[in-house]
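# Breakdown of the fold
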Amino acid sequence: MPKELWKGNEAIAEAAVRAGLGAYFGYPITPQTEILEYLSRRMPELGRAFVQAESELGAINMVYGAACAGVRVMSTSSSPGVSLMMEGLSYIAGTEIPAVLVNVMRGGPGLGNIAPSQGDYYQAVRGGGHGDYPRIVLAPASVQEAIDLMGLSFDLAEKYRMITLVILDGSVGQMMEPAEMPPMQEAKRKGFDWATDGAMNRERRVLSSIYLNPHDEEQTNFRLLKRWKDAQASEVRYKEYFLDDAKYIVVGFGTAGRVALSAVREARAQGIKVGLLRPITVSPFPYEALDQLTGQAEAFLVTEMNMGQMLDDVQLAVRGRVPVEFYGRPGGVVPFHDEILDEIHRIASGPLAVQSNPRESWLARMTA
Amino acid sequence: MATENLVYERPEAFTEMPTHYCPGCTHGVAHRLIAEVLEEMGVIDRTIGVAPVGCAVFAYNYFDTDFVEAPHGRAPAMATGIKRVLPDRVVFTYQGDGDLASIGMGEIVHAAARGENITVVFINNANYGMTGGQMAPTTLPGMKTTSSPNGRDVETQGYPIKVAEMLSTLAGVGYCVRRSLHDPKNIRLAKKAIRTAFETQVRGLGFSMVELLSTCPTNWGITPVASLKFVEEHMIPAYPLGDYKISEAIKQVKI
């Protein structure tokens, strides 16, 4: 396929269609509404299911129903709407069925604003819904990467019978970039041996997340965790930039990682041995890659568009062996690359101490 | 030698699971009517049920069909998701009054408004049974529950919601009636209504709902017989039985 100019949100919609999306259920919310609008035209023309739901609660439970029927199904929303979907996500996780949810994140908490943000990292990666459940979380940094990850998101959801979240900020959703679409796949049900699609010529099936006997629920939790171990072993994805000889390592995902790359390039041109690790799967997180890099790094710099959430995961990987510094812009503010360049200069001019909570010194610098 | 005639047996659409419902509760009657209708229509192997949260949370144990278990109140949304991707299957929800008329009011109204081709069996027993008899949107004025211990005071706790009347105003609704399970005659009428509701669905004639006035002897704190009398004397005057909407196309259907 030739490259075309695609807006992020519409690209996500078309990429999902081409990945064999059989049903879409959504609700309008900025900055992701173009996905809903695009699919309101595209899905019916292909004879596939589309419903604009009455709420995000309705949308995620329609996803739940269609997922039980064994089709590729997706919803999309933005931060406040995703909060409303957490009930459904927990049920889908407990029922061990595949579904994809895209969160085009905006500034929060509360109604917040409609500017790009990464404030929902904890919600996506740590849970958000009730109960113990793992989930796969992909974080694209460009329109092309968002396209490429849509197909993967369905494959992973089905392989591990698990929710896959795709989290991006509003800037990736709203920007236009040249990108290439994958070929079209039909929206065929795959004959999953768990789907509730009518008990024709087979024993009936029940899909639920209820295990009234705590010991059965405990076994279910163990089963989810074992499946998660497999995902952790096989599905970690990240991009490395200038890491071979890097003494200073920047870690950022999505747009924050992309802005950091510009800063890293400029610092390299100035002769600073700095590199970037940009996680693509923020869950499972690339702990091992960061653990190994700790051997060569004199310091890490975590950049995020929030108050320091992925920072926890980097600290878990680094385990206090070298300093981990933080630079974030929360509330819907996107950092400029020269802000991150200044941070690289600060770190490269050392010496730095290992801090248990790098947010404190960051906050002091930001509010001085 | 005397011959024995089998006059009553387990419907084919039932599993052999013994009931968990309280003695005298009419959930079992409602379940049986649905099972008989599915068997008579020959659709057991293409039916997918959606269970609620409430006393009927284990409905999936009784029906020998595919079943899913919805979050509280969300059964119509789940049913929508299933029906939209499997339009040739028969999809029904079974919901109580807390589930449908309180937490799930948004989902039921919009499924009805969209004219989803699903069938809803709505059990109105004027309280939250599973959690021990709290006030529901359908609790009668003055009725004592564990969360309206002095009787439902409409000044502070609001008025009952008449679901069948309310949904019947929506253009997407093909069939919407209220029946009662308090005596054999009404049970027969309820079964006919359930059959008509499923016939509405298989003909693609829109959303169908049967509201069933039901008993809850345990939480009402009276005997099963007194409960049936309570339905007749107190529930029916508040929730009149009747056909609230039957579209012209369904009126032509002969069962």
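What comes next concerns the included structure. Since we're looking at a predicted model, the values are computed, not measured.

Broken down by element type, chain A carries 14 helices and 15 strands. Taken over the C-alpha trace, chain A has a radius of gyration of 21 Å; the compact-globule value for 368 residues is 21 Å, and the two agree within 12%. Buried positions account for 53% of the 368 residues belonging to chain A. Across chain A, contacts joining residues at least 24 apart in sequence account for 80% of those joining residues at least 6 apart.

Regarding its fold elements, chain B presents ten helices and nine strands. For 255 residues, the compact-globule estimate of 2.2 N^0.38 gives 18 Å, and the C-alpha radius of gyration of chain B, at 17 Å, lies within 12% of that figure. Taking the principal axes of the C-alpha coordinates as reference, chain B spans close to 60 × 50 × 30 Å. Sequence-distant contacts in chain B: of pairs separated by 6 or more residues, those separated by 24 or more amount to 68%.

Attention shifts here to the interface of chain A and chain B. Counting residues at the interface gives 34 residues for chain A, matched by 28 residues for chain B. Among the secondary structure elements, those contributing two or more residues to the side of chain A that touches chain B are strand 2 (23–26), strand 3 (49–52), helix 3 (56–68), helix 5 (86–95) and strand 9 (206–207) of chain A. Here the element with the most residues in the side of chain A that touches chain B is helix 3 of chain A; it accounts for nine residues. Grouping the amino acids of the side of chain A that touches chain B by side-chain chemistry returns 19 nonpolar, ten polar and five charged. For strand 9 of chain A and strand 2 (residues 66–69) of chain B, the ladder comprises two bridges, and the chain directions are parallel.

We now examine the sheet that holds strand 7 (residues 173–180) of chain B. If you walk across this open sheet you meet the eight strands as 9(A)-2(B)-1(B)-3(B)-4(B)-8(B)-7(B)-9(B), and the pairing is mixed. Strands at the two margins of the open sheet, each flanked by one partner only, are strand 9 of chain A together with strand 9 (242–246) of chain B. Most of the contacts of helix 1 (residues 27–41) of chain B go to strand 4 (residues 119–124) of chain B, to which it runs at about 160 degrees, and overall it touches strand 1 (47–51), strand 4 and strand 8 (207–213) of chain B.

Before going further, it helps to spend a moment on the environment of Leu156(A). All names here are of chain A. Structurally, Leu156 can be placed in helix 7 (residues 143–160). For the pair Leu156 and Ile136, spaced 20 residues apart in sequence, the C-alpha separation works out to 7.8 Å. In this structure, Leu156 is in contact with Ile136, Thr164 and Glu235, ignoring residues within four places of it in sequence.

Right, let's talk about the sheet that holds strand 10 (residues 238–241) of chain A for a bit. All names here are of chain A. Strand order in the open sheet made by the five strands is 10-12-11-14-15, with mixed pairing throughout. Single-partner strands in this sheet number two, and they are strand 10 and strand 15 (324–328). Between one strand axis and the next, the sheet turns by 20 degrees as a mean value, whatever way the strands run. Contacts from helix 12 (residues 310–318) reach strand 11 (248–251), strand 14 (299–304) and strand 15 within the one sheet, and its direction differs from that of strand 14 by about 160 degrees. In the packing of helix 13 (residues 337–348) onto the sheet, contacts are made with strand 11, strand 12 (274–279), strand 14 and strand 15, and the angle to strand 14 comes to roughly 160 degrees.

Residue and element names in this part refer to chain A. Structurally, Pro2 is set in the segment before strand 1 (4–7). By the C-beta count within 10 Å, which is 6 here, Pro2 ends up exposed. Taking the C-alpha atoms as reference, Pro2 lies 9.5 Å from Pro178; in sequence the two are 176 residues apart.

A few words now on the packing of helix 10 (residues 254–269) of chain A against helix 13 of chain A. Residues and elements named next belong to chain A. In contact at an axis separation of 8 Å, helix 10 and helix 13 are set at 55 degrees when each is read in the N-to-C sense. Comparing the axis directions of helix 10 and helix 13 gives the class oblique. Considering the relative orientation of helix 10 and helix 13, their crossing is right-handed. Across from Val259, Ala260, Ser262, Ala263, Glu266 and Ala267 in helix 10, the residues of helix 13 making contact are His337, Ile340, Leu341 and Ile344. Residue composition of the contact of helix 10 with helix 13, by class: seven nonpolar, two polar and one charged.

How each quantity is defined
- For every chain, the first residue of the written sequence is number 1, and numbering continues from 1 along that sequence.
- A letter from A marks each chain and a number from 1 marks each ligand, given out in the order of writing.
- Where local features are concerned, this predicted model is filtered to residues with pLDDT of at least 70; where side-chain atom pairs are given and counted, the filter is 80 or more; whole-chain, interface and lining totals use all residues.
- Helix numbering and strand numbering both begin at the N terminus, where a helix is a DSSP run of H or I of at least 4 residues and a strand a DSSP run of E of at least 2.
- As defined in this context, the radius of gyration uses C-alpha atoms, and a globule is described by 2.2 Å times the residue total to the power 0.38.
- Exposure classification rests on a simple neighbour count of other C-beta atoms within 10 Å of a residue's own: a residue reaching 20 or more is buried, one at 12 or fewer is exposed, and one in between is partly exposed. C-beta atoms are placed from the backbone.
- Here, residues touch in the contact sense if the C-beta positions derived from the backbone fall within 7 Å of one another.
- The residue classification treats Ala, Val, Leu, Ile, Met, Phe, Trp, Tyr, Cys and Pro as nonpolar and Asp, Glu, Lys and Arg as charged. All others, Gly included, are polar.
- Think of it this way: DSSP has to see at least two bridges between two strands before they count as a pair.
- Under this scheme, a helix contributes an axis fitted over its contacting stretch, all axes are lines through C-alpha atoms, and angles between N-to-C directions fall in the 0 to 180 degree range.
- Roughly parallel means an angle under 35 degrees; roughly antiparallel means over 145; roughly perpendicular covers 65 to 115; every other angle is labelled oblique.
- Note on convention: the crossing is left-handed when the near helix lies turned anticlockwise from the far helix by less than a right angle, right-handed when the turn is clockwise.

Honestly, that's just the spatial picture; any functional story needs more than this.
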